[in-house]
Amino acid sequence: MSRTVEEIFKDYSARRAGIIRALTEDVDEFYALCDPEKENLCLYGHPNETWEVNLPAEEVPPELPEPALGINFARDGMNRKDWLSLVAVHSDSWLLSVAFYRGAQFLRNDRRRLFSMINDLPTVFEVVTDRVADRKPPKDRPGADIGSKSKNSKRSSDGQIKSNSKPVVEENYGDEDDEQSETLCGSCGGNYNAEEFWIGCDICERWFHGKCVKITPAKAESIKQYKCPSCSSKKGRQ
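Quick summary incoming for the structure in this document.

What counts and how
- Residues numbered from 1 in each chain as written.
- Predicted model: local features only at pLDDT ≥ 70, side-chain atom pairs only at ≥ 80, totals over all residues.
- Heavy atoms only, no water.
- Helix = DSSP H or I, 4+ residues; strand = E, 2+ residues; numbered from the N terminus.
- Buried < 20%, exposed > 50% of the residue type's maximum accessible area, 1.4 Å probe, protein only.
- Contact = heavy atoms within 4.5 Å.
- Pairing = 2+ DSSP bridges.

### With respect to the side chain of Arg15
With respect to the element layout, Arg15 can be found in helix 1 (residues 5-23). The exposure class assigned to Arg15 is buried, which follows from its relative accessible area of 7%. With residues near it in sequence (within four places) discarded, Arg15 still touches Gly45, His46, Pro47, Leu64, Trp94, Leu95, Val98 and Arg102.

Rendered as C-alpha cells:
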C-alpha cells in the first residue's frame, strides 16, 4: 500500500507518543509488566498512541519490523533509570525502522524530508532522560537562519552547499525540496544535485556547478568573495 510522507510521519508520531507514555506517565505499570520471569517481551507503540508489552509476532517474516526482544530480562539486573534509558534507545531504533520500512518506496527527496520531520522531534531517549532542553530549536541550527551566503556555504564539498545557504521558511520541508530541485546552474542550466559541488555568486546570487566555473572546493577556500564570470566581466567594462 502506497503511503505519503505525511501519513508515515503521523504513524511514527503516534507510535512514539505511546512509547513515551509507557516510559514516563505509565512507567510503574510498564515496569511491573516487564517481569524477568516471563518469556521474551517487546514494547510496542501503536498508531492510536497506546502502548503494549507483549510477545513478538509469530508470523515469519513479520508484517512490520519487530522491537527489541527480551527487554524484561535485564530489568532487575540494572539500575531502573539505566534500564529505562536502554529500552528508550531500542524503541527509537524500532520507530525509525518502521518508518523507513513503510517509506522504502520513496525517492531520495521524500526520504530526506521524512527523516527531517522525524529528526525535529526529540527522541524517546531524550524525553526519558530529560535531555530535550539540550536540543537546539531549528532556528538555531547552522544554516537555518542565514540572511546571506557565508564562507562555509561556498567551501563545503559534502553536497550541502546550497541547502545550507538557503533560508528555511516556516519549516516547510516540502517547499524547501521543491526549491532546491528547481534551482538551475547559471552556466549550464543543469538542475541542482546535492552530490555535486556548487558555489554561489556573492554579487548576483546565482548558483553554479563548481566545474562549470572552474572552481574546486580547495580553490574556494581562498576566495573571500566569489564573483561569477558574468559579474566579473561587468566590472571590467565599467
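### Points about unusual backbone geometry
Residue Glu49 is not a glycine yet carries a positive backbone phi of 70°. You can see Glu49 is positioned in the loop between strand 1 (42-45) and strand 2 (51-54). According to the relative accessible area criterion, Glu49 is partly exposed, its value standing at 39%. Of note in the backbone geometry, Glu205 takes a positive phi value of approximately 65° without being a glycine. Take Glu205: it is sitting in the loop between strand 3 (198-200) and strand 4 (207-209).

### Let's talk about the pairing of strand 1
With burial as the criterion, each face of strand 1 is covered, one bearing Cys42 and Tyr44 and the other bearing Leu43 and Gly45. Pairing of strand 1 with strand 2, which is carried by 4 bridges, proceeds in the antiparallel orientation. Paired with Cys42 across the two strands is Asn54, which belongs to strand 2. In this antiparallel pair of consecutive strands, strand 1 and strand 2, the connection spans 5 residues, and Glu49 shows a positive phi of 70°.

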